[in-house]
Amino acid sequence: MNSYIERVISDAQQKNSNQPEFLQALKEVLSSLEPIIDKDDKYEKNSILERMTEPERIIMFRVPWVDDNGKIQVNRGYRIQFSSLIGPYKGGLRFHPSVNLSVMKFLGFEQIFKNALTGLPIGGAKGGSDFNPKGKSDAEVMRFCQSFMTELYRHIGQDVDVPAGDIGVGGREIGYLFGQYKRIRNAYEGGVLTGKAICYGGSLARTEATGYGLLFYMREMLKQHNSSMEGKTVTISGSGNVAIYAAQKAFSMGAKVVAMSDSNGCIYDENGIDLDCIKEIKEVKRGRIKEYLDCHPNAKYFEKTGENSPIWEIKTDIALPCATQNELQLEDAKKLVANGVIAVGEGANMPTTLEATEYFLANKVLFAPAKAANAGGVATSAIEMTQNSIRYYYTFDEVEKKLDRIMTNIFHECKVAADEAGVSGNYVVGANIAAFKKLADAMIAQGLV
Ligand code: NDP
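Residues numbered from 1 in each chain as written. Predicted model: local features only at pLDDT ≥ 70, side-chain atom pairs only at ≥ 80, totals over all residues. Heavy atoms only, no water.

> Looking at this structure, how should I read the pattern of salt bridges?
Note that side chains of opposite charge can pair when their charged atoms are close. Under the definition given, this model contains 26 salt bridges. For Glu-313, the salt bridge identified is with Lys-335, shortest N-O distance 3.6 Å. Highlighted residues: Glu-313 in the loop between β9 (300-303) and β10 (318-321) and Lys-335 in helix α13 (residues 330-338), separated in sequence by 22 residues. With relative accessibility at 48%, the residue Glu-313 sits in the partly exposed group. Assessed through its relative accessible area of 29%, Lys-335 is described here as partly exposed. One salt bridge connects Lys-401 with Asp-397, and the closest N-O pair in it is separated by 3.0 Å. You can see Lys-401 and its partner Asp-397 sitting in helix α17 (residues 396-420), four residues apart, about one turn around the helix. Since its relative accessible area comes to 52%, Lys-401 is described here as exposed. Owing to a relative accessible area of 44%, Asp-397 belongs among the partly exposed residues under this scheme. (Salt bridge = Lys/Arg side-chain N within 4 Å of Asp/Glu carboxyl O. Helix = DSSP H or I, 4+ residues; strand = E, 2+ residues; numbered from the N terminus. Buried < 20%, exposed > 50% of the residue type's maximum accessible area, 1.4 Å probe, protein only.)

> It is not clear to me how the domain arrangement of the chain should be interpreted in this structure. Could you clarify?
Many authors give the size of an interface as the accessible area that is lost as the parts come together. If you check the domain split of the chain, you get domain 1 (57-193) and domain 2 (209-373). The C-alpha-based centres of domain 1 and domain 2 are spaced at 27 Å. Taken together, the contacts link 13 residues of domain 1 with eleven residues of domain 2. Roughly 980 Å² is buried in total at the junction of domain 1 and domain 2, and carbon and sulfur atoms are behind 50% of that figure. Per-residue buried area on domain 1 facing domain 2 is highest for Phe-106, Glu-110 and Lys-114; these three make up 45% of the total on that side. Counting across the domain 1 and domain 2 interface gives one salt bridge. Our count for the contact surface shared by domain 1 and domain 2 stands at two residue pairs in polar contact (both at pLDDT 80 or more). (Domains from an automatic or database assignment. Contact = heavy atoms within 4.5 Å. Buried area = accessible area lost by both parts, 1.4 Å probe. Polar contact = N/O pair within 3.5 Å; in protein donor to acceptor, adjacent residues only side chain to side chain.)

> What is the right way to look at the site of the ligand in this model?
Taken together, 25 residues surround the ligand, and among them Asp-166, Thr-210, Ser-263, Arg-288 and Asn-349 come closest. Between the ligand and Thr-210 there is a distance of 2.6 Å, counted from an oxygen atom to a side-chain nitrogen or oxygen. The contact in question runs from an oxygen atom of the ligand to an N or O atom on the side chain of Arg-288, over 2.5 Å. For the ligand, whose free accessible area comes to 890 Å², the fraction covered by protein is 84%. (Near = heavy atom within 4 Å. Areas by Shrake-Rupley, 256 points an atom, 1.4 Å probe, with all protein chains shown as cover.)

> What should I look at first to understand the sheet that holds strand β5 (residues 161-164) in this one?
Strand order in the open sheet formed by five strands is β1-β2-β4-β3-β5, and the pairing between neighbours is mixed. With one partner strand each, in any of the chains shown, β1 (57-66) and β5 form the two edges of the open sheet. Mean inter-strand twist for the sheet, computed between neighbouring axes without regard to direction, equals 20°. Judged from the three bridges that link them, strand β3 (residues 89-95) and strand β4 (residues 124-129) form a sheet pairing that is parallel. Opposite Leu-93, over in β4, you have Gly-127 as the bridge partner. (Pairing = 2+ DSSP bridges. Axes fitted to C-alpha atoms, helices over the stretch in contact; angles between N-to-C directions.)

> Would you mind going over the packing of aromatic side chains with me for this structure?
To describe a pair of aromatic rings, one takes the distance between the centres and the angle between the planes. Evaluation of the coordinates by the stated rule reveals 19 aromatic pairs. Seen in terms of ring centroids, Phe-95 and Phe-144 are 5.1 Å apart; in terms of plane orientation they differ by 90°. Their pairing is edge-to-face. You can see Phe-95 sitting in strand β3 and its partner Phe-144 sitting in helix α7 (residues 138-152), a full 49 residues away along the chain. As far as the burial class goes, Phe-95 and Phe-144 line up, both buried. Where Phe-131 meets Phe-144, the ring centres are 3.9 Å apart and the plane angle is 5°; that geometry is what we call stacked. (Phe/Tyr/Trp six-rings, centres within 6.5 Å; stacked < 30°, edge-to-face > 60°.)

> What is the right way to read the sheet that holds strand β6 (residues 233-237) from this model?
As a general point, the strands of a sheet are linked pairwise by backbone hydrogen bonds and lie either parallel or antiparallel. Taking strand neighbours across the sheet as the criterion, the seven strands line up as β9-β8-β7-β6-β10-β11-β12 in an open arrangement whose pairing is mixed. The strands lining the two open edges of the sheet, one partner per strand, are β9 and β12 (366-368). This sheet shows a mean twist of 15° between the axes of neighbouring strands, independent of strand direction. Relative to β10, β6 is paired through four bridges, and the arrangement is parallel. Residue pairing for β10: Ser-237 is matched across the bridge by Pro-321.

> Help me out: how do you make sense of the nonpolar core in this one?
General note: in soluble globular proteins, nonpolar side chains tend to be found buried as a group. Membership of the largest hydrophobic core comes to 98 residues, with the highest contact counts inside it found for Leu-30, Phe-109, Tyr-217, Met-229, Ile-236, Met-260 and Phe-436. Broken down by element, this core gets its largest block of residues, eleven residues, from helix α18 (residues 427-445). Mapped onto the domain boundaries, this core takes at least three residues apiece from domain 1 (57-193) and domain 2 (209-373). In this view, Phe-109 contacts Phe-22, Ala-25, Leu-26, Val-29, Leu-30, Met-52, Thr-53 and Phe-82; residues no more than four positions away in its chain are not counted. Among the nonpolar cores identified, the runner-up in size contains 21 residues, and Val-141, Met-149, Val-169 and Val-192 belong to it. (Core = buried A, V, L, I, M, F, W, Y, C linked by side-chain atoms within 4.5 Å.)

> Teacher, can you tell me more about the environment of Lys-114 here?
When you line up the elements, Lys-114 lands in helix α6 (residues 101-118). Overall, the relative accessible area of 5% leaves Lys-114 in the buried class. With 214 residues separating them along the chain, Lys-114 and Leu-328 place their C-alpha atoms 20 Å apart. Those residues within four positions of Lys-114 in sequence are excluded, and the remaining contacts are Asn-349, Ala-370, Lys-371, Asn-374, Ala-375 and Val-378.

Below you can see the structure in the form of structure tokens.
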């Protein structure tokens, strides 16, 4: 490996030895930059890698709140303002017990590259809390969100830092967070959060954007290799925001989604998943995917017993991991390849481990990496910010067309960068290099700040 890259990785390992997810993301990106770093010593001269892998600012704070029994609870809040190179910090908030500094930093780091790929003026950030919204009442979630924003408000703003949703943060949470921000600031600052409901400043098609965007990217990638979604069998992990709308678009492109999952297990319906039933369970009842069998008794349910999800054992043409990080591991990849998978598209952030990604690439499976393939959500968030700034709203169709154009461009940028690096068809390397070039150029242009 290039000695500069090796040194930066080794220094990062020493400084962040207790942050495995962050180191995993950093190694994945840096090791793929060799073709460009080798060619030009300006990156080393300007210490670009050292600067790009160190967040501009890390904010950690206490979030005290009172539960329905009157008991005081304390959680930890985070905001990683990773890079403001090309726009205000931008990235989601995750509320999940697994949230820690390493997870926040990995997500923030990935976000810088993803946002650069969109071609829109947005920097990179991530935030959240180890608070678990599951099983909490609406009143508890509201009190938590209000306490969280009472600290976060001083660090954000529509030209400073614009959070959005992620795992555990949907429309309900964004509403409570926005309400509290507005109350504290005594101003309607529409662009301070994205993922808002349509009735108070949200964008049409934002809810659908990440899942739809993933399918636009898949369509372009398959087209490039003389294939399409038409008639393909698809399995999708997760049954949250990304998974549901990826499934919807896959169906509309003529594919058949046969399996979806949650953290307890997966359902398999050979006739094609009934998405209305999934939406009812997940978006209305906030229930478990197993309940699918109540309306479709002929479908099958496989409980997750160990670390690996049973969904990857199901034979499929296309696999779309849309749940969480490291959910698709080497042994899952081996099963998918043995069962004839032709393409994998990452809807979630870093759902595939490094070893599994390498296995897919070595076995000529088309692989759409998260930072490119799931950029549709943040791109549409930027379109939401635009609408808030110009105080005018686009129709659903207008937003979807813009999203389609952005995802198509992203795919082609990844393709060109991969071709130029001499690794045609490797969109992991293509995405990293295409984003890196933009960020490095901006960093050099702005001087040492
Ligand atoms: P949601 O909270 O809506 O859904 C998450 C889904 O993943 C749920 O089905 C959940 O199941 C499942 N899940 C969560 N943790 C685990 C786990 N440890 N093991 C197995 N399944 C799990 O989140 P989103 O759909 O918004 O996000 C999914 C992924 O997509 C995340 O990686 C997120 O960062 C990424 N992403 C999201 C964007 C967006 O616009 N929403 C944009 C870009 C990326 P359960 O209900 O059992 O917890």
